[in-house]
Structure formats: structure tokens, C-alpha cells
Amino acid sequence: MGEFKGFMKYPKQQLDELSLKDRINGYEPFQQRFTTEDAATQGARCMDCGTPFCQTGSSFGRDTIGCPIGNYIPEWNDLVYRKDYKEAYERLSETNNFPEFTGRVCPAPCESSCVLAINNDSVAIKGIERTIIDEAYDMGLVKPKFPEQRLEEKVAIIGSGPAGLTAAEELNLLGYNVTVYERNHRPGGLLMYGIPSMKLDKEVIERRVKLMEEAGIVFKTDVNVGKDITKEELDAQYDAIIVCTGSQKGRDLPLEGRMSFGIHFAMEYLTEQTQLQMGEIEEPTITAKGKNVIVIGAGDTGADCVATALRDDCKSVVQFNKYVRLTDKIEQNTSWPLPMPIFKLDYAHKEYREKFGFEPRAYGIQTMRYDVDENDNIRGLYTQVLEETEDGMVIVEGTERHWPADLVLLSIGFEGTEHLVPHSFNLNTKRNKIVANEKDFRTNQDKIFVAGDARKGQSLVVWAIKEGRAVAKSVDKALKKKITI
């Protein structure tokens, strides 16, 4: 362990952030890493538990308990305490291909599952993880991962999100010739286009992709598989194909007035804003500038829409949450090892409150219909209030309200993978997910595998990394078996 009784001596420290007032004027990353001194102090708080639940990595309903990729968290907490960053990085990279991503955007179920979180603040695991990988880059420890020998077999990967990138790196390290196909202009999937730059700096993704290219991985961007290149063409060129197209089919809200102008999926807005910042487009088709914006949906993507609309110079934002507001404090943490159900302000809500004086969320709101003008432009929403009862959430009669809106963003999750690749490749699907064998990730088509959200459904970046590592092992096993035969 780090320091004996360190968890009793030192409080949990949060990562430093740029001031709320300054950061909403641009897209610079708002959060900073720990100094090595602060990281050592935070590492000292780790108790090196006999049963480290932070490493559990299991599903519980829609929640996750601990780290799905099994990071050696107590070990590198101790190494950071001792300021041995070389060894800490080596241990971290054994289980995690991209800690610079998880250290920035993972919701950190490891911290909720920390034994210290039963009656205290958890160890600052996510902040320590980010500090390890940032320090490793500064020290020149992160280098291309070259295979010992290059094989003849070729593997195509469709999609360059975290699952696709992970599978690519693992298979390249085993010696296979890997080509990654991406329909967008840059690799990274939702990491690149779905998460705003102030939350995940795009240079962080490009830095990693460059290392992968140096190691021999080929990226072919602006290629929409199933349209620009067919299954037959890929089948003729490659010994195995892995589908990692993610879960990007947004869940719709088809109420009266849905087809009016000014209603968009959240991911459409976030993607265009990222493309605008990177100079890929000159003018966005969706803008919040000078508009009253309503975001329907209470998750992380909805919060990202709030933060982006702020920087897009909106007039106002309201984020609808259909659930009642959580309590500010709970005397006893009875939810452990799951996240404690208490009220929290996300980064975007803090920013909005700084500018407008109140947080943007409205609780217990059920959208009933869209208000549309004579030119089919959105001008508002009609809602009713929901209340929690023993029978679930029910509508309170007589609570109808009109909310003015010039732009409505739908952020109520994802239904599953988009249809182009499954349809073009004749892959079996169920509930908008590509069906595959649970053990080896094989689909109904010979030599085609699937991993990540395309198979599993909407999930965390750590699950995508786990899926990418697992499908790489399955492909390796299948190709080695084929060679042997």
C-alpha cells in the first residue's frame, strides 16, 4: 500500500480546472492533471484492500461495478506514491491500451466501488490514472508498439472508436496487417466527434493514432463501408473482418410536430461543432447562437450539449430530466459499490450557473408535444410534470406548461448500431445490435466478427476497450487455427 493510514491523514483532491468564467469562451481542455507531488499524496490514500472492488469489472443492470478491463489499481497507486512512473506506466498499459482516453472521459466506476467510498471519499483513481499516462508521455515512455514479426494475414476493422482502435493495436502487435476503415475524416469515432474538445482534447487522440500508424496500422478515412466499398471487396482482400461501428443510432422522440425544422439529434449537433472547430466545415447547419435551446435527456451527452451551446453563444439552455431531483446528501452510503444517488453538478451545469446564475436542468419533466409555427419551425415544447410514486413515475394532471425553444436537441440515448453495415453484410441483428457468439464474437457470416457497442449496445469506453482486446484474441485464435489446418 502507499502510506500506512494515509486515507486517514489526507483528504481527496480533485483535479485542477480552469476558471468557469474564462473557459466558456473557448474549447481549451478545462481539466488539468495532478502534479507528481499531489498524485503521490492521493496514491497514499489507497488502502491496498484485501478484496479491491475497484478492479471487479462486472455489470449490475445498467451500472458497472469496478473496472471492466481489470486495471491493477492498488499497484499503480502505490507506484505513484513512490514516484516510480516508469513502472506505474508499464503496469497501467498492461491492461489499458488508451489510459489517456479513460483518464479523461470514463465515469470511473472504480471510484464508486472503492472500499473507502463506503464511509469516506474514494481514492482519486481517475486523476491518478491520467497523471500516470500524461507523465509517461512527458518522459518519452509511450512509443509505437511494433510486432516481433510480421505475418501474411490481413485484418480489416470497420470503425475507429475505442473498440476498433483497441482491436487494431492488439492484432498489429501480434503481427497481423491491420487496416482500419473510418467513414469520417479523422479516426477516433465518438471520441473524436461525439465528445467536445474541452472534455477530450483532439490532439490527445491524434497523438495516439500517429503512434499506431508508426507501428504499421493503416487508417483509411472518408470511407463509408457498405457504400464506398462492398463486403465482397473486403472479403477478397482480408482474412478476417471486425465490425466496430458502435451504437450511433439515436433514440427518437416521435411526438406531434417532430418533423418540424429545428429538432435534431444531439450527436448531429456535437459532431458539426467539432468539425467546425477542426476546419472540416465552414458553416454548420445546426447552431445554438442567439437561440433558446432545450436539451431533452439528462445524461453525459446532454450535458455536453449544454456546454457546447454555451460556447456557441446561445440565448438560454434548459436540460429536461424526467426524474425528480436527487437529495443533496445521504447520511449512509447504502448504494455501495454502485454510485451514490446524490445530487451532482456536471462541468456543464457549473459553467451555465456561472454565466446565468442558476443551473439549467428542469426535473420531473415529460415532453408531450412539439409547438410548431405556420412555417414548420420549432417554437417550443409542451410538457407535464412527473412525480415518483410506488407504481413508478406518473403524470401530474393540470401541470401542462409551454417552454419557448428555437432549437431542440434529442439526447435520450442510442437504440443501437446503424443499419448500413449489418444490412450490406447480411449480418443477423436483434434489437439493433449485431448478433454474435458470446465466446468468440463470431457473426453468422464466415470470418466476420463484431465487438464493442455494435454488439453490446451503448456502454462505457472501458467496456469498448475490453471488447476490443477480447475480439483480437478470438481473431488471432481463428486465424492460427486456419493456418494450422
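The structure displayed is predicted, hence computed values, not measured ones.

### Topic: the UniProt feature "domain: FAD/NAD(P)-binding" (unreviewed entry) in the protein
Right, so step 1: Mapped onto the present numbering, the UniProt feature "domain: FAD/NAD(P)-binding" (unreviewed entry) falls at residues 154–312 and 391–468.
Right, so step 2: In residues 154–312, helix accounts for 38% and strand for 17%; the two terminal C-alpha atoms are 44 Å from one another.
Right, so step 3: Summarising residues 391–468: 22% helix, 28% strand, and an end-to-end C-alpha distance of 40 Å.

### Some points on the packing of helix α5 (residues 85–95) against helix α8 (residues 125–138)
Right, so step 1: Put simply, α5 and α8 touch, their axes get as near as 9 Å, and they point 110 degrees apart. On the basis of the axis angle, α5 is roughly perpendicular to α8. The crossing of α5 and α8 is left-handed. Along its contact with α5, which presents Y85, A88, Y89 and L92, the element α8 presents E129, T131, I132, I133, E135 and A136.
Right, so step 2: Residues of the contact of α5 with α8, tallied by class, amount to seven nonpolar, one polar and two charged.

### Here we look at α8
Right, so step 1: Here α8 contains 14 residues, and its C-alpha end-to-end distance of 20 Å stays within 8% of the 20 Å for a straight helix at 1.5 Å per residue.
Right, so step 2: Burial analysis of α8 places 13 of its 14 residues in the buried class, which makes it a mostly covered element.
Right, so step 3: Just past α8, the residue G140 takes up positive phi, approximately 75 degrees.

### Considerations on the sheet that holds strand β16 (residues 407–410)
Right, so step 1: Taken in spatial order, the five strands make up an open sheet running β8-β16-β9-β10-β11, and their pairing is parallel. This sheet does not close on itself; its edge strands, each paired only once, are β8 (263–265) and β11 (361–363). Ignoring which end each strand starts from, the neighbouring axes of this sheet average 25 degrees apart.
Right, so step 2: Judged from the five bridges that link them, strand β9 (residues 292–296) and strand β10 (residues 316–321) form a sheet pairing that is parallel. Residue pairing for β10: V293 is matched across the bridge by V317.
Right, so step 3: Its contacts with the sheet put helix α13 (residues 266–277) on β8 and β16, and the angle it makes with β8 is roughly 75 degrees.
Right, so step 4: The strands touched by helix α14 (residues 300–311) are β9, β10 and β16; relative to β10, the strand with the most contacts, the crossing angle is about 175 degrees.

### Observations concerning the nonpolar core
Right, so step 1: Counting 71 residues, the largest nonpolar core has I132, V155, I157, I242 and V475 as the members making the most contacts within it.
Right, so step 2: With nine residues, the single largest contributor to this core is helix α18 (residues 461–484).
Right, so step 3: Once residues lying within four places of it in the same chain are set aside, the contact partners of V155 are L171, Y176, N177, V178, T179, Y238, A240, I242, V475 and L479.
Right, so step 4: Within the second largest apolar cluster, 25 residues are counted, among which are I24, I286, C305 and Y352.

Quick notes on the rules
- Residues numbered from 1 in each chain as written.
- Predicted model: local features only at pLDDT ≥ 70, side-chain atom pairs only at ≥ 80, totals over all residues.
- Heavy atoms only, no water.
- UniProt positions renumbered as here; feature names shortened; annotations may be inferred.
- Helix = DSSP H or I, 4+ residues; strand = E, 2+ residues; numbered from the N terminus.
- Axes fitted to C-alpha atoms, helices over the stretch in contact; angles between N-to-C directions.
- Parallel < 35°, antiparallel > 145°, perpendicular 65-115°, else oblique.
- Left-handed = near helix turned anticlockwise from the far one by under 90°.
- Contact = heavy atoms within 4.5 Å.
- Nonpolar A, V, L, I, M, F, W, Y, C, P; charged D, E, K, R; others polar.
- Expected span 1.5 Å × (residues − 1).
- Buried < 20%, exposed > 50% of the residue type's maximum accessible area, 1.4 Å probe, protein only.
- Pairing = 2+ DSSP bridges.
- Core = buried A, V, L, I, M, F, W, Y, C linked by side-chain atoms within 4.5 Å.

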